[in-house]
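Fold and contact review
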Amino acid sequence: GQAMLTRNSFAAGAVLAAHAHPHEQVTYVISGELLLTMGGETVALRPGDSICVPPNMSHAAAAEVDTLVLDAFAPPREDFL
């Protein structure tokens, strides 16, 4: 396949440090709220919101409340298999 879908949960207070990867990523928030920082801008993603992270773009995330997201990656992330 050419894409991968993952379900990720973040406990309240979780922080994902800035990182980048060669995969395109689409993040969709199922519940909670994800604060995503990319290109020097932080957006608050709420249930039903999604965002596309281009390949090799540095991004970070934080959750102030318990949060559940779906992440799609293309191509699939070999490190997640």
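A brief structural summary. Keep in mind that what you see is a predicted model, and the values were worked out from it rather than measured.

Read from one edge to the other, the open sheet built from four strands follows the order β2-β7-β4-β5, with strand pairing classed as antiparallel. The open sheet has two edge strands with one neighbour each: β2 (15-19) and β5 (41-45). Taken over all neighbouring pairs, the strand axes of this sheet differ in orientation by 15° on average, direction set aside. Here strand β4 (residues 34-38) runs beside strand β7 (residues 59-62); their pairing, made up of four bridges, is antiparallel. When the bridges of β7 are listed, M38 appears paired with H59.

Mapped onto the secondary structure, H59 falls in strand β7. A distance of 2.8 Å separates the side chain of H59 from the backbone oxygen of M57, its partner in a polar contact. Once residues lying within four places of it in the same chain are set aside, the contact partners of H59 are A17, A18, H19, A20, H21, Q25, T37, M38 and V53.

So, about the packing of aromatic side chains. A full pass over the atoms with the stated rule returns one aromatic pair. Aromatic pair F73 and F80: ring centres 5.6 Å apart, planes at 85°, arrangement edge-to-face. Residue class for F73 comes out buried when judged on its relative accessible area of 3%. You can call F80 partly exposed: its relative accessible area is 40%. If you follow R77 out to its NZ or CZ, it ends over the ring of F73, 5.2 Å from the centre. The ring centre of F80 lies 4.1 Å from the NZ or CZ of R77, which sits over that ring.

So, how was this worked out
Residues numbered from 1 in each chain as written. Predicted model: local features only at pLDDT ≥ 70, side-chain atom pairs only at ≥ 80, totals over all residues. Heavy atoms only, no water. Pairing = 2+ DSSP bridges. Helix = DSSP H or I, 4+ residues; strand = E, 2+ residues; numbered from the N terminus. Axes fitted to C-alpha atoms, helices over the stretch in contact; angles between N-to-C directions. Polar contact = N/O pair within 3.5 Å; in protein donor to acceptor, adjacent residues only side chain to side chain. Contact = heavy atoms within 4.5 Å. Phe/Tyr/Trp six-rings, centres within 6.5 Å; stacked < 30°, edge-to-face > 60°. Buried < 20%, exposed > 50% of the residue type's maximum accessible area, 1.4 Å probe, protein only. Lys NZ or Arg CZ within 6 Å of the ring centre and 35° of its normal.

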